Amino acid sequence: MLIFDAHLDLAWNALDWNRNLLRPVSEIRKREIELGLIGKGRGEGTVSFPELRRGGVGLFIATLLARLLRPGLTPALQRYEHMEAAYAAAHGQMAYYRALEQKGVLRWIKDAASLDAHVRAWNANPQHEPLGLLLSMEGADPVLSPEQVEEWFQAGLRIIGPAHYGVSPYAHGTGTEGGLFPLGPALLQEMQRVGMILDVTHLSDQCFDEALDIYGGPVLASHHNCRALVPHQRQLTDEQIKRLIQRDAVIGTALDAWMLAPGWVRGQTRPEEVGVKLETMVNHIDHVCQLAGNARHAAIGTDLDGGFGREQSPYDLDTIADLQRLPELLRRRGYDDEAIAGILHGNWLRFFRQALPQN
Ligand SMILES: [Zn+2]
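Residues numbered from 1 in each chain as written. Predicted model: local features only at pLDDT ≥ 70, side-chain atom pairs only at ≥ 80, totals over all residues. Heavy atoms only, no water.

1. Examining the pattern of salt bridges
Summed over all chains, the structure comprises 26 salt bridges. Lys30 is the salt-bridge partner of Glu34, the closest N and O atoms lying 3.5 Å from each other. On the criterion of helical spacing, the pair formed by Glu34 and Lys30 is a turn pair, its members being four residues apart in helix α2 (residues 25-34). Where Arg310 meets Glu44, a salt bridge forms, and the shortest distance between an N and an O atom there is 2.9 Å. With Arg310 in the loop between β11 (298-300) and α11 (326-332) and Glu44 in the loop between α2 and α3 (49-54), this pair connects stretches of sequence that are 266 residues apart. The structure contains a network of salt bridges with shared partners spanning Arg19, Glu32, Arg42 and Asp305. (Salt bridge = Lys/Arg side-chain N within 4 Å of Asp/Glu carboxyl O. Helix = DSSP H or I, 4+ residues; strand = E, 2+ residues; numbered from the N terminus.)

Dropping the structure here:
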């Protein structure tokens, strides 16, 4: 079954982690161990293009991730001293996707018609069609001004999450409290004007509310779990989930282990100690479905290799190809074929058929 994964930091892995994603995951792990690379996630990666194909992940949202360095936050994630550098780095990541598109590995989807054409082609020939990509920016640090949103849209960007961990020039993000910065409302207004989709993932609670008040366009939560199950500001409250459902949003459930089950101590806990397995993801999917009263708003946004590897993923997941076990796990929880297809790809397809440009 076709799987749509709404959050993969592929270019960041390729450029900042220097991973050759054309190679098998086993080889990338081995290479990092041989090179003596140390640090979280090294030698433990779970994502590369061969694994995406093996797992039937024929469509995904890939990110541009180029954050300004902020005090107190990990330099591995946030490294640039000035916005012009973040702008240039994001363009470099975009060039990575373009290079792979030219190589026939990726198909960069920018409108509703090419989305449908890709799904038809993929379903007819999943062994050989390029992998489909929608482009998103995680943290708006590379957007030099609100007026520049249109330039990014012309370049093929379709989704912006205004903040990431810490603050961005526009908004408070994960781990911080506060509202939009003075340029935040203008960014959101310009996004709506040009048709750029808003990703609320990583927004602080106050920014979540303010952004939804200001922005009237299509909204999604690309990689976001439930606070009722794992208490932390990174997760969505039930009220926030209900507000997203009212906006006809889709919420991608993430596979970052600390967001799946409570009691995780970063850098210490192992997934098996808190019982985080792939099936734990279904708890979050099910929670969204119960709040909605249907299965139309829950989906997948794994964030695999988003700064972590197997050591912070479900203990029974070796690579992203294991997502193909999800249909059976959902079936065991009482989901029928239509609901399962919706969660695995159909809900995102419905969302993007409406949210992408129609020409
Ligand atoms: Zn993230």
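2. Re the environment of Met191
Position of Met191 among the secondary structure elements: in helix α7 (residues 184-194). On the basis of relative accessible area, Met191 is assigned to the buried category, the value being 0%. For the pair Met191 and Leu144, spaced 47 residues apart in sequence, the C-alpha to C-alpha distance is 14 Å. Beyond its immediate stretch of four places on either side in the chain, Met191 contacts Val149, Ile160, Met196, Ile197, Leu198 and Tyr215. (Buried < 20%, exposed > 50% of the residue type's maximum accessible area, 1.4 Å probe, protein only. Contact = heavy atoms within 4.5 Å.)

3. Some details on helix α12 (residues 337-355)
For α12, which comprises 19 residues, the first-to-last C-alpha distance of 25 Å matches the rise-based estimate of 27 Å (1.5 Å per residue) to within 8%. The largest bend along α12 reaches roughly 65° and is located at Ile343. (Expected span 1.5 Å × (residues − 1). Bend = angle between axes of the 7 residues up to and from the residue.)

4. Notes on the coordination of the zinc ion
With distances of 2.1 to 2.2 Å, the protein atoms coordinating the zinc ion are Glu138 (OE), His202 (NE2) and His223 (NE2). Taken in sequence order, the residues that donate to the zinc ion follow the motif E-x63-H-x20-H. With a gap of 85 residues between them, Glu138 in strand β6 (residues 131-138) and His223 in the loop between β9 (219-220) and α9 (238-246) connect regions that are remote in the sequence. We classify Glu138 as buried; its relative accessible area is 5%. (Donors = N, O, S within 2.8 Å, 3.2 Å for Na, K, Ca; no water.)

5. What about the pairing of strand β2 (residues 59-64)?
For β2, the buried fraction is high: six of the six residues fall into the buried class. Along β2, one buried face is formed by Leu59, Ile61 and Thr63 and the opposite face, lined by Phe60, Ala62 and Leu64, is buried too. Note: strand β1 (residues 4-8) against β2, three bridges, orientation parallel. Following the sheet pairing, Asp5 is matched in β2 by Phe60. With six bridges connecting them, β2 and β6 associate as parallel partners. Residue pairing in the sheet places Phe60 in a bridge with Leu133 of β6. (Pairing = 2+ DSSP bridges.)

6. Regarding the nonpolar core
Ranked by size, the top nonpolar core spans 124 residues in total, and within it Leu10, Phe49, Leu52, Phe60, Tyr97, Leu244 and Phe352 carry the most contacts. Beyond its immediate chain neighbours, meaning those up to four positions away, Leu244 contacts Val200, Phe208, Leu212, Val219, Ala221, Leu236, Ala249 and Ile251. (Core = buried A, V, L, I, M, F, W, Y, C linked by side-chain atoms within 4.5 Å.)

7. Some remarks on the side chain of Arg158
Looking at the secondary structure, you find Arg158 in strand β7 (residues 157-161). No salt bridge forms around the buried Arg158; measuring N to O, its nearest opposite-charge neighbour Asp111 is 6.6 Å away. Here Lys110 takes part through its backbone oxygen, which lies 2.9 Å from a polar atom of the side chain of Arg158. If we ignore the near neighbours within four places in the chain, the residues touching Arg158 are Lys110, Leu135, Phe153, Gly195, Met196, Ile197, Leu356 and Pro357. (Lys, Arg positive; Asp, Glu negative; His and termini not counted. Polar contact = N/O pair within 3.5 Å; in protein donor to acceptor, adjacent residues only side chain to side chain.)

8. Concerning the packing of helix α5 (residues 112-124) against α12
Axis separation between α5 and α12 bottoms out at 8 Å; the angle between their running directions is 150°. The orientation of α5 relative to α12 falls into the category roughly antiparallel. Judged by residue contacts, Ala112, Leu115, Asp116 and Val119 of α5 engage Leu349, Phe352 and Arg353 from α12. For the contact of α5 with α12, the residue count by class is five nonpolar, no polar and two charged. (Axes fitted to C-alpha atoms, helices over the stretch in contact; angles between N-to-C directions. Parallel < 35°, antiparallel > 145°, perpendicular 65-115°, else oblique. Nonpolar A, V, L, I, M, F, W, Y, C, P; charged D, E, K, R; others polar.)

9. Section: the packing of aromatic side chains
Enumeration over the complete set of coordinates arrives at eight aromatic pairs. Judged by centre distance (5.8 Å) and plane angle (10°), the ring pair of Phe4 and Phe352 falls under stacked. Residue Phe4 is found in strand β1, and its partner Phe352 is found in helix α12; the two are separated by 348 residues along the sequence. Taking relative accessible area as the criterion, Phe352 reaches 0% and is therefore assigned buried. Ring pairs connect the aromatic residues Phe4, Trp348, Phe351 and Phe352, which therefore count as one cluster. Its guanidinium or amino end placed over the ring of Trp108, Lys110 lies 4.3 Å from that ring's centre, counting from NZ or CZ. Directly above the ring of Trp258 sits Arg266, whose terminal nitrogen or CZ lies 4.3 Å from the centroid. (Phe/Tyr/Trp six-rings, centres within 6.5 Å; stacked < 30°, edge-to-face > 60°. Lys NZ or Arg CZ within 6 Å of the ring centre and 35° of its normal.)

10. So, the side chain of Ser222
Positionally, Ser222 belongs in the loop between β9 and α9. For Ser222, a relative accessible area of 1% puts it in the buried group. A polar side-chain atom of Ser222 sits 2.5 Å from a polar atom in the side chain of Asp199. The contacts of Ser222, once residues within four sequence positions are left out, are Ala6, His7, Asp199, Thr201, Gly252, Gly301 and Trp348.

Keep in mind these values describe shape, not function.
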